[in-house]
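Chain by chain, the residues:
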Amino acid sequence: MKKILFLTLAILFQSCVTNKYLSSSTPIDEILDIGYFEPLAIIELIKKDNKSEASDSLSIDSKQKIDSLLSTNRKKYKIKERITLNKKIQGKVENEISYLIQSAMRKKNLKGIKLTPIIDSILESRIQRFGLGVLAVGFGRSKGNYVGQVAKSVVVGVLTLGLFIPVPIKSNLRLFSIIVDSKKNEISFYKATLLIEKSPNNYFVLKSQLDKLYENYLFKKYN
């Protein structure tokens, strides 16, 4: 599972400069009582020598905050309840969600993308038509690493007489989501937020980005 998700991570940070959603022909007012799968989060920590590694603690923290936000905003997002699975099945579902997100992103449309077998069988067994998946990707830096990068940028600025001053990025975050339809065996909705230079573990940042995923689809945005 980890190998597939990290391969996906490399692809997910490529291109995609728009954050418009893709949707199927299913009317939005039909998409109700959505069950949601446990969120996925792949958060890396950049340490010494600018080398990054997967951070289980940051990933779990991000995942738990997204789960809490989905639960507390059920009415707003038209969510029914979380779909709880055992660890083995959960791993397979994570792979399938990753695959479906990757497929939608590559094709830039939803036509011809069939619902994967494990997710389909889970929804059908629960008599649940719609299921929602969320993936968070991003990175943070250790405190010492960020301070070091800031110092390096100052040195480069001095040496180039201010012509080039690299700005170190402390952290970033991007969210992806799909809603799948077991009745029509398809993806009903796909959207990715734009990559932002914000903490992937900030509750309010995550809340704002979740709203950006579903605004003007699951709920109306009012200015």
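Heads up: these notes are all about the structure in this document. In this text the structure is predicted, and so the values were computed from the model without any measurement.

Focus: the overall build of the protein chain
Along the backbone of the protein chain there are 7 helices and 8 strands. By residue count, 47% of the 223 residues in the protein chain fall in the buried class. Summarising the internal contacts of the protein chain: among those between residues at least 6 apart in sequence, 76% fall at separations of at least 24. By element, 57% of the accessible surface of the protein chain is carried by carbon and sulfur atoms, the whole surface being about 12000 Å².

Remarks on helix 5 (residues 117-125)
Those residues of helix 5 not exposed but buried are I119, D120, I122 and L123. Projection of helix 5 onto a plane perpendicular to its axis shows the buried side chains occupying an angular sector of 165°, all on one side. Residues of helix 5 that are exposed and point more than 90 degrees away from the buried face comprise P117 and S125.

Overview of the packing of helix 4 (residues 87-107) against helix 5
The N-to-C vectors of helix 4 and helix 5 enclose an angle of 115°; their axes lie 8 Å apart at closest approach. Note on element contacts: helix 5 touches helix 4 through P117, I118, I119 and I122, opposite I89, K92, V93, E96, I97 and L100.

Regarding the nonpolar core
For soluble globular proteins, the rule of thumb is that nonpolar side chains tend to be buried together. Formed by 26 residues in total, the largest nonpolar core has its most connected members in L70, I179, L210 and Y214. Elements with a contribution of two residues or more to this core: strand 2 (34-37), strand 3 (40-46), helix 2 (56-72), strand 6 (130-141), strand 7 (172-181) and helix 7 (203-214). The dominant element in this core, judged by the number of residues it contributes, is helix 7, at 5 residues. Beyond its immediate chain neighbours, meaning those up to four positions away, Y214 contacts Y77, L132, V134, S177, F189 and F219. Residues L110, V137, F176 and Y190 belong to the second largest nonpolar core, which totals 24 residues.

Comments concerning helix 2
Here helix 2 is 17 residues long and its end C-alpha atoms lie 24 Å apart, about the 24 Å a rise of 1.5 Å per residue gives. Those residues of helix 2 that fall on the buried side of the exposure criterion are S59, S62, I66, D67, L69 and L70. Along helix 2, the residues classed as buried sweep out an arc of 165° about the axis, all on the same side. Turned more than 90 degrees off the buried face of helix 2, the exposed positions are D56, S57, Q64 and T72.

Here's the deal with the pattern of salt bridges
Counted according to the given criterion, the structure contains 9 salt bridges. The salt bridge partner of E38 is R82, with a shortest N-O separation of 3.6 Å. Separated by 44 residues along the polypeptide, E38 in the loop between strand 2 and strand 3 and R82 in strand 5 (residues 79-83) bring together distant segments of the chain. Using a relative accessible area of 22% as the deciding quantity, one classes E38 as partly exposed. Salt bridges linked by common partners bring E38, K63, D67 and R82 together as one network.

Calculation rules
Residues numbered from 1 in each chain as written. Predicted model: local features only at pLDDT ≥ 70, side-chain atom pairs only at ≥ 80, totals over all residues. Heavy atoms only, no water. Helix = DSSP H or I, 4+ residues; strand = E, 2+ residues; numbered from the N terminus. Buried < 20%, exposed > 50% of the residue type's maximum accessible area, 1.4 Å probe, protein only. Contact = heavy atoms within 4.5 Å. Areas by Shrake-Rupley, 256 points an atom, 1.4 Å probe, with all protein chains shown as cover. Arc of directions from axis to C-beta. Axes fitted to C-alpha atoms, helices over the stretch in contact; angles between N-to-C directions. Core = buried A, V, L, I, M, F, W, Y, C linked by side-chain atoms within 4.5 Å. Expected span 1.5 Å × (residues − 1). Salt bridge = Lys/Arg side-chain N within 4 Å of Asp/Glu carboxyl O.

Purely geometric stuff here, so don't read any function into it on its own.
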